[in-house]
Amino acid sequence: GAVVSQHPSWVICKSGTSVKIECRSLDFQATTMFWYRQFPKQSLMLMATSNEGSKATYEQGVEKDKFLINHASLTLSTLTVTSAHPEDSSFYICSAAHPGTPFLGNTIYFGEGSWLTVV
Amino acid sequence: RKEVEQDPGPFNVPEGATVAFNCTYSNSASQSFFWYRQDCRKEPKLLMSVYSSGNEDGRFTAQLNRASQYISLLIRDSKLSDSATYLCVVSYNQAGTALIFGKGTTLSVSS
């Protein structure tokens, strides 16, 4: 079963509205989560690193006021796309690093992703 | 500049064929290297880590050349179920947790 869960899987919203995507680690506490975006036929692009209890670190070119990230607990990070526009339509996916073990690649867990369509 | 380059393909091969994917990365400080598999409209799943000594997992063999900043994946005896997009991935931070993805190489295996 999934160890990182995202919700919703699909969302359609009107232009100008905001939409929130949740990322939950189900079996472990994740101090750090990551948010990616993937446009069709493009690579996953890291948007930001979400740190529990502190501000997120955004990658260059990602508007922090448009993509609000909150990591208020060790099992939940949220991404809110504010004032969404059609060009924000994309596949948004989170990942979480399982803590306490050296990173060997098999300790990064991805959520199932969320498809956002802005009409 | 953080960048991972892959041949996008598609690679169309018959069952049983051997296929090789290549990848180059631009950041010489990259720490860890992986191949992920992504099925259509799904999240990526780790296929295997890549080590300098080369490593094998069943029909899959991965190679890393740090001097050339080059990574490869070899798939032997292709199966229909191998059809997917294969993502070359590197991590550039010391913790090894932030991943940079290539655009992926699409493989289609036919009977």
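Residue positions within a chain follow its written sequence, with the count starting from 1. Whichever chain is written first becomes A and whichever ligand is written first becomes 1, with later ones labelled in order. Where totals are concerned, whole chains, interfaces and linings use all residues; where local detail is concerned, this predicted model gives features only for residues with pLDDT of at least 70, and gives and counts side-chain atom pairs only at 80 or more. With hydrogens and water stripped out, all remaining heavy atoms of the structure feed into the side-chain values.

> Any chance you could explain the state of the cysteines here in plain terms?
Throughout this description, disulfide means a covalent bond between two cysteine sulfur atoms. The rule for a disulfide is simple: a pair of cysteine sulfur atoms within 2.5 Å. Within this structure, the stated rule accounts for two disulfides over all chains. Here Cys23(B) engages in a disulfide with Cys88(B); their sulfurs sit 2.0 Å apart. Taking the torsion about the S-S bond as the criterion, the Cys23(B) to Cys88(B) disulfide, at about -80°, is left-handed. Of this pair, Cys23(B) sits in strand E3 (residues 19-25) while Cys88(B) is found in strand E9 (residues 84-91), placing the two residues 65 residues apart along the sequence. Think of it in three bands: with a 1.4 Å probe and only protein chains considered, a residue is buried below 20% of the maximum accessible area for its type, exposed above 50%, and partly exposed in between. By relative accessible area, Cys23(B) is classed as buried at 1%. No disulfide involves Cys13(A); its sulfur sits 18 Å from that of Cys94(A), the nearest cysteine. Taking relative accessible area as the criterion, Cys13(A) reaches 9% and is therefore assigned buried. Cys94(A) supplies the cysteine sulfur nearest to Cys40(B), a cysteine that is in no disulfide, at a spacing of 20 Å. A run of H or I in DSSP becomes a helix once it reaches four residues, and a run of E becomes a strand once it reaches two; helices and strands are each numbered from the N terminus.

> Explanation requested: the interface of chain B and chain A in the structure shown.
Often the size quoted for an interface is simply the accessible area lost on bringing the parts together. The contact rule is simple, with two residues in contact once any of their heavy atoms fall within 4.5 Å. If you look at the interface, chain B gives 21 residues, while chain A gives 22 residues. Buried area between chain B and chain A, summed over both chains or domains, comes out near 1700 Å², and the portion from carbon and sulfur atoms is 59%. When a carboxyl oxygen of Asp or Glu is within 4 Å of a side-chain nitrogen of Lys or Arg, the pair counts as a salt bridge. Remark: the boundary between chain B and chain A carries zero salt bridges. Pairing of N or O atoms within 3.5 Å defines a polar contact, subject to two protein rules: one partner must be a possible hydrogen donor and the other a possible acceptor, and residues neighboring in sequence count only if both atoms are side-chain atoms. Scanning the region where chain B abuts chain A turns up three residue pairs in polar contact (both at pLDDT 80 or more). When two parts are brought into contact, each loses some accessible area as probed by a 1.4 Å sphere; the total of that loss over both is the buried area.

> Explain the packing of aromatic side chains here, please?
Within 6.5 Å between ring centres, the rings of Phe, Tyr and Trp (the latter by its six-membered ring) count as paired, and their orientation is classed by plane angle as stacked under 30 degrees, edge-to-face over 60, tilted in between. Within the structure shown, the criterion is met by 13 aromatic pairs over all chains. Measuring from ring centre to ring centre gives 6.4 Å for Phe67(A) and Tyr92(A), while their planes differ by 40°; the resulting arrangement is tilted. Highlighted residues: Phe67(A) in strand E7 (residues 67-73) and Tyr92(A) in strand E9 (residues 90-97), separated in sequence by 25 residues. By relative accessible area, which is 4% here, Phe67(A) ends up buried. For Tyr92(A), a relative accessible area of 0% corresponds to the buried category. Within the aromatic cluster, the residues linked to one another by ring pairs are Tyr36(A), Phe110(A), Phe34(B), Tyr36(B) and Phe101(B). Whether a charge sits over a ring comes down to the Lys NZ or Arg CZ being within 6 Å of the ring centre and within 35 degrees of the ring normal. Directly above the ring of Phe67(A) sits Lys66(A), whose terminal nitrogen or CZ lies 5.9 Å from the centroid.

So yeah, pure geometry; function would need other evidence.
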